[in-house]
Amino acid sequence: MKGSILTLNAGSSSLKIALFPPGDESPIVTGSAERIGGDCTLTIKDASGAFIAEYKGDAMRGATHETVLRKLIHILQQAGLAQNLVAIGHRVVHGGTDFVAPILVDDAALNQLVSLEPLAPLHQPHNLAGIRAARSAFPDVLQIACFDTAFHRNHPFVNDTFALPLTLYAEGIRRYGFHGLSYEYVTQKLAAIRPELHAGRVIICHLGNGASACAIRDGQSIASTMGFSALDGLPMGTRCGQLDPGVILYLLQQKKMNADAIADLLYNQSGLLGLSGLSNDMRVLEATDDPAAKAAIDYFVFRIRREIGGLAASLGGLDALIFCGGIGENSCLIRARVCDDMAWMGIAIDPQRNAAHETILSAPLSPVEVMMIPTQEDIVIARAANAMMEQVQAQRLRAIGGIPPL
Ligand code: ADP
């Protein structure tokens, strides 16, 4: 049953796919759609990054996730690329308390995932729309869900709860943590290239449009800056990060804002965009002398440094600090500013290595290894889909009395 694997990452207004040939971790096709529901653009590229197809303008305006996915699938089928597709791996933001590993999606699992929609109303419905569209387009292909929360499910109680009545904890109001697929990729990479660090105390800063940091000991997440929702912790492109809950009460009671308006404020109007009044894009903020943009960057850096201190305390020390995500991988300014004057924690960055975006960024005698490891969530999903495919294949072989392959 060896065949290709498609990974699908359906976000609130974007959709990304990657097609992996059998036994290969380099995708032969990648596709991405931006601004779904609005001025949508859809781009498909081959392994070299050359355009295979691009769609935009009137024909794409207002396109839904379903129509975009169907278009993508149609293009893959027409190009003869979907013929030996055996599994589709989906990024699903919330696995609740039950899903601690990837699962094979059937009707029962899908219903259970739907019941988690209230926990991630802005992400989960889109993830599940992607699963439904893929199931209907490819009914005979295995559908595997991989969860952003799963990597964090073994947090100790003190990092899993809020100081609210325990009945709410039992109802699922917990610190779930997100970006788990990214942390899993980076952790696996660290195990491969620096096993002694993987066995130690590590903080990974995933700094993209969404941003969080995670404390990892011996490969296991023990604390994350994100909590119940993908709003907590670090400020992000348009999300506020840590916020005194009293602010929300004030907005409700005094300013009479309703829940939708507050959700829009916290998810879409805050963070770097809200503070700068200019942009959620770090490149834009770095390129201007605007004082508000500078203040937004100052706040971003300040909060990252503060969280690194807290996470290092949770770990009882630090062996490696790793940057990933669009900002973590590309912005030497942010990396330098996060690490500036942190010798007291054993963190010393080498400016040349940082400017050259090397894997090892720390100065030769820095007690803490500072690193940059580009994240690849789709590879984690493809690996999970591949493992599930082999498991299913072995089960089928056993059922017909065959011998599973080694
Ligand atoms: P997402 O969370 O949507 O996957 P990414 O991980 O792609 O986001 O990160 C997007 C962020 O990375 C944006 O703020 C973008 O400005 C930033 N970024 C990308 N390249 C650079 C760069 N060269 N310098 C600074 N920031 C960058």
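For the structure, check the block above.
These remarks concern the structure in this document. (Residues numbered from 1 in each chain as written. Predicted model: local features only at pLDDT ≥ 70, side-chain atom pairs only at ≥ 80, totals over all residues. Heavy atoms only, no water.)

### Here's the deal with the overall build of the protein chain
Line of reasoning, step 1. The helix and strand inventory of the protein chain stands at 15 helices and 13 strands.
Line of reasoning, step 2. In terms of overall dimensions, the protein chain has a C-alpha envelope of 60 × 55 × 50 Å along the principal axes.
Line of reasoning, step 3. Here the protein chain holds 406 residues, and the buried ones make up 49% of them.
Line of reasoning, step 4. Partitioning the intrachain contacts of the protein chain with sequence separation of at least 6 by distance along the chain shows that 62% fall at a separation of at least 24.
Line of reasoning, step 5. For the protein chain, the exposed area adds up to about 18,400 Å²; of that, 54% sits on carbon and sulfur atoms.
Line of reasoning, step 6. Positive and negative side-chain charges in the protein chain, numbering 32 and 39 respectively, have mean positions lying 1 Å apart. (Helix = DSSP H or I, 4+ residues; strand = E, 2+ residues; numbered from the N terminus. Buried < 20%, exposed > 50% of the residue type's maximum accessible area, 1.4 Å probe, protein only. Contact = heavy atoms within 4.5 Å. Areas by Shrake-Rupley, 256 points an atom, 1.4 Å probe, with all protein chains shown as cover. Lys, Arg positive; Asp, Glu negative; His and termini not counted. Charge placed at Lys NZ, Arg CZ, Asp CG, Glu CD.)

### A look at the pattern of salt bridges
Line of reasoning, step 1. Under the counting rule described, the total for this entry stands at 15 salt bridges.
Line of reasoning, step 2. For Arg61, the salt bridge identified is with Asp58, shortest N-O distance 2.5 Å.
Line of reasoning, step 3. Given a relative accessible area of 47%, Arg61 falls into the partly exposed group.
Line of reasoning, step 4. With a closest N to O distance of 2.6 Å, Glu196 and Arg194 form a salt bridge. (Salt bridge = Lys/Arg side-chain N within 4 Å of Asp/Glu carboxyl O.)

### Structural notes on the site of the ligand
Line of reasoning, step 1. Lining the immediate environment of the ligand, one finds 13 residues, of which Asn209, Gly210, Asp281, Met282 and Gly326 sit closest.
Line of reasoning, step 2. Contact between the ligand and Arg283: an oxygen atom at 3.3 Å from a main-chain N or O atom of the residue.
Line of reasoning, step 3. Between Gly326 and the ligand, the recorded distance is 2.9 Å, taken from a backbone N or O atom to an oxygen atom.
Line of reasoning, step 4. Protein chains bury 70% of the 580 Å² of accessible surface belonging to the ligand in isolation.
Line of reasoning, step 5. Breaking the shell around the ligand down by element, the ones donating at least two residues are α10 (282-286) and α12 (325-330).
Line of reasoning, step 6. Looking at the shell around the ligand residue by residue, the class counts come to two nonpolar, eight polar and three charged. (Near = heavy atom within 4 Å. Polar contact = N/O pair within 3.5 Å; in protein donor to acceptor, adjacent residues only side chain to side chain. Nonpolar A, V, L, I, M, F, W, Y, C, P; charged D, E, K, R; others polar.)

### Quick look at the environment of Pro195
Line of reasoning, step 1. Tracing the sequence through the fold places Pro195 in helix α6 (residues 195-198).
Line of reasoning, step 2. In the structure, Pro195 is positioned 24 residues away from Gly219 in sequence and 9.8 Å away in space, judged by C-alpha atoms.

### Considering the pairing of strand β3 (residues 29-34)
Line of reasoning, step 1. Of the two faces of β3, only the one carrying Val29, Gly31 and Ala33 is buried; Thr30, Ser32 and Glu34 on the other face are not.
Line of reasoning, step 2. Sheet topology note: the strand β2 (residues 15-20)/β3 ladder contains five bridges and is antiparallel. Counterpart to Ala18 in the pairing with β3 is Thr30.
Line of reasoning, step 3. As paired elements, β3 and strand β4 (residues 41-46) share six bridges and run antiparallel to each other. From the neighbouring strand, Thr30 faces β4, where its bridge partner is Lys45.
Line of reasoning, step 4. Between β3 and β4, which pair antiparallel in sequence order, lie six residues; one of them, Arg35, sits at a positive phi of approximately 50°. (Pairing = 2+ DSSP bridges.)

### Quick look at the nonpolar core
Note on soluble globular proteins: their nonpolar side chains tend to be buried together.
Line of reasoning, step 1. Formed by 58 residues in total, the largest nonpolar core has its most connected members in Leu207 and Leu321.
Line of reasoning, step 2. When residues in this core are grouped by element, the largest group, ten residues, is from helix α11 (residues 291-315).
Line of reasoning, step 3. Mapping this core onto the domain boundaries places at least three of its residues in each of domain 1 (4-147) and domain 2 (183-372).
Line of reasoning, step 4. Dropping the residues within four chain positions of it, Leu321 is found in contact with Ile203, Cys205, Ile308, Cys339, Ile347, Val368, Glu369, Val370 and Met371.
Line of reasoning, step 5. Judged by nonpolar contacts, the second largest core, of 33 residues, contains Val86, Cys146, Val202 and Ala384. (Core = buried A, V, L, I, M, F, W, Y, C linked by side-chain atoms within 4.5 Å. Domains from an automatic or database assignment.)

### Examining the sheet that holds strand β11 (residues 220-224)
Line of reasoning, step 1. Reading across the sheet, the five strands line up as β11-β10-β9-β12-β13 and stay open at both edges, with mixed pairing between neighbours. With partners counted over all chains shown, the strands left at the sheet margins are β11 and β13 (369-372), one partner each. Geometrically, the sheet is characterised by an average inter-axis angle of 25° between neighbouring strands, direction not taken into account.
Line of reasoning, step 2. Relative to strand β10 (residues 211-217), strand β9 (residues 201-207) is paired through seven bridges, and the arrangement is antiparallel. Bridged to Ile204 within β10 is Cys214.
Line of reasoning, step 3. Across the sheet, helix α5 (residues 180-193) lies against β9, β10, β12 (320-324) and β13, angled at about 135° from β9, the strand it touches most. (Axes fitted to C-alpha atoms, helices over the stretch in contact; angles between N-to-C directions.)

### Describing the pairing of strand β1 (residues 4-10)
Line of reasoning, step 1. Extensive coverage of β1 is indicated by the burial of seven of its seven residues.
Line of reasoning, step 2. Burial along β1 is two-sided: Ser4, Leu6, Leu8 and Ala10 and Ile5, Thr7 and Asn9, pointing in opposite directions, are all buried.
Line of reasoning, step 3. Relative to strand β6 (residues 85-92), β1 is paired through five bridges, and the arrangement is parallel. The residue of β6 that forms the bridge with Ser4 is Leu85.

### Looking at a nonpolar patch on the surface
Line of reasoning, step 1. Together, Phe157, Val158 and Leu166 give the surface a local cluster of nonpolar side chains, amounting to about 340 Å² of exposed area.
Line of reasoning, step 2. For Leu166, the position within the fold is in helix α4 (residues 166-170). (Patch = residues over 30% accessible without salt bridge, like charges linked within 9 Å, V, L, I, M, F, W, Y side chains within 5 Å.)

### Focus: the packing of helix α2 (residues 107-114) against helix α3 (residues 124-137)
Line of reasoning, step 1. As a packed pair, α2 and α3 sit with axes 10 Å apart at the nearest point and diverge in direction by 160°. Here α2 is positioned roughly antiparallel relative to α3, judged by the angle of their axes. Note on packing geometry: the crossing formed by α2 with α3 is left-handed. Counting all contacts with α2, which are made through Asp107, Leu110, Leu113 and Val114, the residues of α3 involved are Gln124, Leu128, Ile131, Arg132 and Arg135.
Line of reasoning, step 2. Of the residues assigned to the contact of α2 with α3, the class counts are five nonpolar, one polar and three charged. (Parallel < 35°, antiparallel > 145°, perpendicular 65-115°, else oblique. Left-handed = near helix turned anticlockwise from the far one by under 90°.)

### Things to note about the sheet that holds strand β8 (residues 142-147)
Line of reasoning, step 1. Taken together, the eight strands give an open sheet; going across it, the order is β5-β4-β3-β2-β1-β6-β8-β7, and neighbouring strands pair in mixed fashion. Two strands lie at the open edges of the sheet, namely β5 (51-55) and β7 (103-104), each paired on one side alone.
Line of reasoning, step 2. Sheet analysis places β6 next to β8, joined by six bridges and oriented parallel. If you follow Arg91 over to β8, its bridge partner there is Cys146.

Everything listed here is a matter of coordinates, which is why it stays silent on function.
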